[in-house]
Amino acid sequence: MSKRIVVLGAGESGTGAAILAKTKGFDVFVSDFGTISEPYRALLDQNGVQWEDGKHSEELILNANEVVKSPGIPLTAPLIQKLQAQGTPIISEIEFAARYTNAKMICITGSNGKTTTTSLIYYILRNAGLNVGLAGNIGNSLALQVAREHHDYYVIELSSFQLDNMYDFKADIAILLNITPDHLDRYDFKFQNYVDAKFRITRNQTADDAFIYWAEDPVIDRELKRLNLGATLYPYGFSCPNPLPVGEDELALKGRHNVLNSMAATIAANVVGIRKDIIRESLKTFQGVEHRLQYVATVRGVRFINDSKATNVNSCWYALESMTTPTVLILGGKDKGNDYSEIDDLVRSKCHTLVFMGLHNEKLHEHFDSFGLNIIDTNNLQDAIQGAYKAAKEGDTVLLSPCCASFDLFKSYEDRGEQFMTAVRNL
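Note that the structure is a prediction, hence the values are computed from the model and not measured. (Residues numbered from 1 in each chain as written. Predicted model: local features only at pLDDT ≥ 70, side-chain atom pairs only at ≥ 80, totals over all residues. Heavy atoms only, no water.)

## A short note on the overall build of the protein
Test applied: Working definition: helices are DSSP H or I runs of at least four residues, strands are E runs of at least two. Numbering for both runs from the N terminus. Each residue gets one of three labels from its accessible area relative to the maximum for its type: buried under 20%, exposed over 50%, partly exposed in between, using a 1.4 Å probe on protein chains only. The contact criterion used is simple: two residues touch if any of their non-hydrogen atoms lie within 4.5 Å. Accessible areas in this description were obtained via Shrake-Rupley with a 1.4 Å probe; residue shielding takes into account the shown protein chains only. His residues and chain termini do not enter the charge count, which takes Lys and Arg as positive and Asp and Glu as negative. The atoms used to mark charge sites are NZ of Lys, CZ of Arg, CG of Asp and CD of Glu.
On a plain count of helices and strands, the protein comes out with 17 helices and 17 strands. On the principal axes, the C-alpha backbone points of the protein span a range of 70 × 50 × 40 Å. Across the 427 residues of the protein, 57% fall into the buried class. Sequence-distant contacts in the protein: of pairs separated by 6 or more residues, those separated by 24 or more amount to 67%. Surface accessibility of the protein: about 17900 Å² in total, with carbon and sulfur atoms responsible for 49%. Both charge centroids of the protein, one from 42 positive and one from 52 negative side chains, sit 2 Å from each other.

## Re the packing of aromatic side chains
The criterion, for reference: Aromatic pairs are defined between Phe, Tyr and Trp rings, using the six-membered ring for Trp, whenever the two ring centres lie within 6.5 Å; interplanar angles under 30 degrees are classed as stacked, those over 60 as edge-to-face, and all others as tilted.
Tallied over the full model, the rule gives 12 aromatic pairs. With a centroid separation of 5.4 Å and 55 degrees between ring planes, the pair formed by Tyr123 and Phe286 is classed as tilted. With Tyr123 in helix H6 (residues 114–127) and Phe286 in the loop between helix H12 (276–285) and strand S12 (294–299), the pair connects residues that are 163 residues apart, well separated along the chain. With respect to class, Tyr123 is no different from Phe286; both count as buried. Through a chain of ring-to-ring contacts, the aromatic side chains of Tyr340, Phe356, Phe368 and Phe371 assemble into a single cluster.

## Considerations on unusual backbone geometry
Positive phi values are uncommon outside glycine, yet Arg300 reaches one of about 45 degrees. Within the element layout of this structure, Arg300 appears in the loop between S12 and strand S13 (302–306). Classification of Arg300 as exposed rests on a relative accessible area of 67%. Even without being glycine, Cys403 reaches a positive phi, approximately 70 degrees. Its place among the elements puts Cys403 in the loop between strand S17 (397–400) and helix H17 (413–425).

## Quick notes on the pairing of strand S3 (residues 50–53)
Inclusion rule: Two strands qualify as a pair provided DSSP detects at least 2 bridges between them. If you view a crossover with the strands going away from you and the path from the first strand over the helix to the second runs clockwise, you call it right-handed.
Of the pairings in the sheet, the one linking strand S2 (residues 27–32) to S3 comprises 4 bridges and is parallel in character. What sits directly across from Phe29, in S3, is Gln50. Handedness of the crossover is the feature at issue here: the chain leaves S2, passes through helix H2 (residues 38–46), returns alongside S3, and the resulting connection is right-handed.

## Observations regarding H2
To keep things clear, this is the line we draw: Working note: the arc is built from the helix axis to C-beta atom directions.
Inspection of H2 places Tyr40, Leu43 and Leu44 among the buried residues, and these make up the whole buried set. One face of H2 carries all of its buried residues, which in axial projection span an arc of 95 degrees. Turned more than 90 degrees away from the buried face of H2 sit Glu38, Pro39 and Gln46, all of them exposed. Residues of H2 that are buried make contact with helix H1 (12–23), S2, S3 and helix H7 (142–148). Backbone geometry just after H2 places Gly48 at a positive phi near 65 degrees.

## Description of the layout of surface pockets
The gaps of empty space that remain are located by a probe, the size of a water molecule, rolled over the atoms. Counted only if it meets this: The method works on a 1 Å grid over the protein atoms by themselves. A cavity is a set of points holding a 1.4 Å probe that cannot get out, a pocket is an open set with protein on both sides within 12 Å along at least five of seven lines, and residues with an atom within 4 Å of a point line them. Grid points are joined across faces, edges and corners, and a volume is the space filled by probe spheres set on the points. Residue polarity is assigned by list, with Asp, Glu, Lys and Arg as charged and Ala, Val, Leu, Ile, Met, Phe, Trp, Tyr, Cys and Pro as nonpolar; anything else, Gly included, falls into the polar class.
Of the voids in this model, the largest pocket is the one considered here, and its volume is about 1600 Å³. What lines the largest pocket is a set of 49 residues, and nearest its centre among them are Gly72, Asn137, Phe161, Phe407 and Tyr413. Of all the elements in the fold, those that place two or more residues in the lining of the largest pocket are H1, H6, helix H8 (160–164), helix H9 (191–199) and H17. Taken together, the residues of the lining of the largest pocket sort by class into 9 nonpolar, 25 polar and 15 charged. Considering only enclosed or pocket space, the second largest pocket measures out at about 480 Å³ in volume. Lining the second largest pocket are 23 residues; nearest its centre among them are Lys254, Arg292, Leu293, Gln294 and Tyr295. Elements represented by at least two residues in the lining of the second largest pocket include exactly helix H11 (256–272), S12 and S13.

No statement about biological role is implied by the geometric values presented.
Dropping the structure here:
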């Protein structure tokens, strides 16, 4: 009898895992407690995969030999607890997909800068003519690519949630950009649990593998003193020898944080063995990432910047740090246990108006009301943009950099960013 694989969650990663399992001859069942979107339903049907949505039928799930879990499902979910109690192995889509490919894995994690750095490395490798796939939190599911395509390299953006359920997987090149408090609601509000999850990217690495990390991050520095990693270490930062083959002013990506992202990408490209002239040209021509410090428009002298991808406080810190004009900051959303004090100095020095945009703005008021700034309270995007526009003077910047997850008012940070850009263009 064929081994039974149950996939929980039928988004990009779950659907891909199910199709790969089906092509490998497993008995596959997909269960999603929410509604499976139409494109994913069609994919599952085309591949003859059985699925259900709107419920979890325990009799069809608890008999699994192995479960592939969507990164969005917390380990505290009752069904996951039942599976764990009976000893059913629970793995991530990346772990499952990696069993069926010999491609070199270049993996990127960190609290901030993941998508930019992942996209930049993918861009460099493609420019070098390598056969490379983009996967993880961006691009198509790794499992779907392994099922249908053949790549020699994969550049994979990994969240802490994906790393949580990876055991035998090994990154040939692992990159850790930074670690600041994020997603603490998923880690018992213990920062160390989150730190441990991020360091799982170094798991199973040997001296033949590379670990690239930001040397000036105090959390990474502390952990490296404590851990005995097997990989060859490649530190980068402003206190290290500069690996960039171009001047900072020539980089397509602006801002101090992007100099660091470019350093990490350059070292990864060097380890792969890419020619310096290709790296140089790529760093000068890379277009950046949607929803990350993305210029939208200038309306009557007021610049609008979409930084919807800033779903944590540290991400907003980087955005504010790169502002060169007086700023109106739009923030708020689903709070993940945020500590806003990290941006206090930048808010005081760069912002004259704060616009709160969320269903629950109490914590923002509690923290920022005493700053003496102009504060506008809204609970929808339209009012937030109108309020910000009225408060801004010619030469100012309106920055959407929310510090929070988007799930109170929006489907995703992409949805939030798209709606923001549409509303700004309609001003």
